[in-house]
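Breakdown of the fold
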Amino acid sequence: MGCRGGRIITGYRHQKQLKYLVLIGASTGGPKALHYIFSHLTLRQDTALLVVQHMPPGFTRSLANRLNELSAYTVKEAQQGEAVQGAYAYVAPGDYHMEMKLTEGVPVIHLHQDAPQRGHRPSVDVLFRSAAQTVNYGVVTVILTGMGKDGTEGLQWLRERKNVYSLAEDQSTCVVYGMPKAASEARLIDKVVPLEGMPGAIEQAIKELGGSGQWI
């Protein structure tokens, strides 16, 4: 299976300011939810966001560009081999799984076209599982509106191996209460919040993991 093109970015050891990873999964209704969250998040120089939104090829770049216009973070469609940097957000390309692999201790984007998981490529499960190896970084997971159970299996795998703060969108604001419901019923979620409370909940989750002093 092929990988999406893009050069390896060198100088991983210089990405020392990165301390926290926020991993977001969404499906039906996700773009609107992401628009709200990204337009209300306060920038942290020590935090990167990675987003899996179930979308076909060709639409994820437009989503990333729109989020970039709305957000204090620099938002881009992820590229193969780039180092995950603080103050950036990365959207998985349509039809590619997005993982993180540690290189010189720094998470690096790995894109591939292995088989779909639960019918999805990109898959939230794949992203969440890959975060288990990020031993030096605090991890916050966010499961937003969407049909199905994508994210639950990966979150269980992750929580068995790493201290994680897990958030899920409340039924009251979901377009489809499938993905958050599955994770909540599996008792994998630390806090359930409506969409309007999610930006603040993400920021509070980072504080719970030890983050302070990097807001700008």
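Each value, and the rule that gives it
- All residue numbers refer to positions counted from 1 along the written sequence of the respective chain.
- At least 70 in pLDDT is required for a residue's local features to be given in this predicted model, at least 80 for side-chain atom pairs to be given and counted, and no such filter applies to totals for whole chains, interfaces and linings, which use all residues.
- Hydrogens and waters are ignored; side-chain quantities use all the structure's heavy atoms.
- For two strands to be treated as a pair, DSSP must find at least two bridges joining them.
- Strands here mean DSSP runs of E at least two residues long; helices mean DSSP runs of H or I at least four residues long; both are numbered from the N terminus.
- Each axis is a line fitted through C-alpha atoms, and for a helix only the stretch in contact is used; angles between axes span 0 to 180 degrees, taken between their N-to-C directions.
- Grid points spaced at 1 Å and placed over the protein atoms alone form the basis of the search, with a cavity being a set where a 1.4 Å probe fits but cannot get out and a pocket an open set showing protein on both sides within 12 Å along at least five of seven lines. Lining residues have an atom within 4 Å of a point.
- Grid points are joined across faces, edges and corners, and a volume is the space filled by probe spheres set on the points.
- Here, two residues are considered to be in contact whenever any of their heavy atoms come within 4.5 Å of each other.
- Confidence scores labelled pLDDT are given residue by residue by the predictor and lie between 0 and 100.
- Pairing of aromatic side chains here covers Phe, Tyr and the six-membered ring of Trp, requires ring centres within 6.5 Å, and sorts the geometry by plane angle: under 30 degrees stacked, over 60 edge-to-face, intermediate tilted.
- Between buried and exposed lies partly exposed: a residue is buried under 20% and exposed over 50% of the maximum accessible area for its type, with that area taken using a 1.4 Å probe on protein chains only.
- Handedness of a crossover is defined as follows: orient the strands so they point away from the viewer, and if the path from the first strand over the helix to the second runs clockwise, the crossover is right-handed.
- Basic side-chain nitrogens of Lys or Arg form a salt bridge, by our definition, when they fall within 4 Å of a carboxyl oxygen of Asp or Glu.

1. Describing the sheet that holds strand β2 (residues 47-53)
Judged by pairing direction, the sheet is parallel, and its 7 strands sit side by side in the order β3-β4-β2-β1-β7-β8-β9 without closing on themselves. Two strands lie at the open edges of the sheet, namely β3 (74-77) and β9 (191-193), each paired on one side alone. Ignoring which end each strand starts from, the neighbouring axes of this sheet average 20° apart. Two strands pair when backbone bridges link them, and β2 and strand β4 (residues 88-91) are joined in this way by 3 bridges, in the parallel orientation.

2. What to know about empty space enclosed by the protein
Take a probe with the size of a water molecule and roll it over the atoms, and the empty space left behind shows itself. If you walk through the whole model with that rule in mind, you get 1 cavity of 30 Å³ or more. Its volume calculated, the largest cavity comes out at about 40 Å³. Lining the largest cavity are 11 residues; nearest its centre among them are Leu 41, Thr 47, Tyr 73, Ile 202 and Ile 206. Breaking the lining of the largest cavity down by element, the ones donating at least two residues are β2 and α6 (198-208). For the lining of the largest cavity, the element with the most residues is α6, which contributes 3 residues.

3. Comments concerning unusual backbone geometry
Note: most residues except glycine have negative phi, and most peptide bonds are trans. The omega angle of the peptide bond from Arg 121 to Pro 122 is 15°, so this bond is cis rather than trans. Relative to the elements of secondary structure, Pro 122 occurs in the loop between β6 (106-112) and α3 (124-130). Residues other than glycine seldom take positive phi values, yet Ala 87 does so here, at roughly 75°. Mapped onto the elements of the fold, Ala 87 is located in the loop between β3 and β4. Positive phi, normally seen in glycine, also occurs at Arg 118, with a value near 55°. Within the secondary structure, Arg 118 sits in the loop between β6 and α3.

4. Section: the environment of Val 142
Relative to the elements of secondary structure, Val 142 occurs in strand β7 (residues 138-143). In this structure the C-alpha to C-alpha distance between Val 142 and Ile 189, which are 47 residues apart in sequence, comes to 9.1 Å. In this view, Val 142 contacts Val 22, Leu 23, Ile 24, Gly 25, Phe 128, Leu 167, Met 198 and Ile 202; residues no more than four positions away in its chain are not counted.

5. Some thoughts on the confidence of the model for the chain
Close reading of the predicted structure is inappropriate where its pLDDT is low. On average, residues of the chain score 91 in pLDDT, and 90% of them reach the 70 mark or higher. In the model, residues 1-11 has pLDDT below 50 throughout and makes 26 contacts with residues more than four positions away in sequence or in other chains.

6. Some points on the packing of aromatic side chains
Across all of its chains, the model carries 1 aromatic pair by this definition. Between Tyr 88 and Tyr 90, the ring centres sit 6.2 Å apart and the planes meet at 20°, which makes this aromatic pair stacked.

7. Some points on the pairing of strand β1 (residues 20-26)
Most of β1 is tucked away: 7 of the 7 residues are buried. Relative to β2, β1 is paired through 7 bridges, and the arrangement is parallel. In the sheet register, Tyr 20 faces β2, and the bridge partner there is Thr 47. Handedness of the β1-helix α1 (residues 30-40)-β2 crossover: right-handed. Strand direction decides the pairing type here: β1 and β7, joined by 6 bridges, are parallel.

8. A closer look at the pattern of salt bridges
Using the criterion set out here, one finds 11 salt bridges in the structure. A salt bridge links Arg 61 to Glu 77; the shortest N-O distance between them is 3.1 Å. Taken together, the residues Arg 61 in helix α2 (residues 60-70) and Glu 77 in strand β3 connect sequence positions 16 residues apart. Classification of Arg 61 as partly exposed rests on a relative accessible area of 47%. With a shortest N-O distance of 3.3 Å, Glu 153 and Arg 129 are connected by a salt bridge. Of this pair, Glu 153 sits in helix α4 (residues 152-161) while Arg 129 sits in helix α3; the two residues are 24 residues apart in sequence, bridging distant segments of the chain. One connected set of salt bridges, linked through shared partners, spans Arg 118, Asp 125, Arg 129 and Glu 153.

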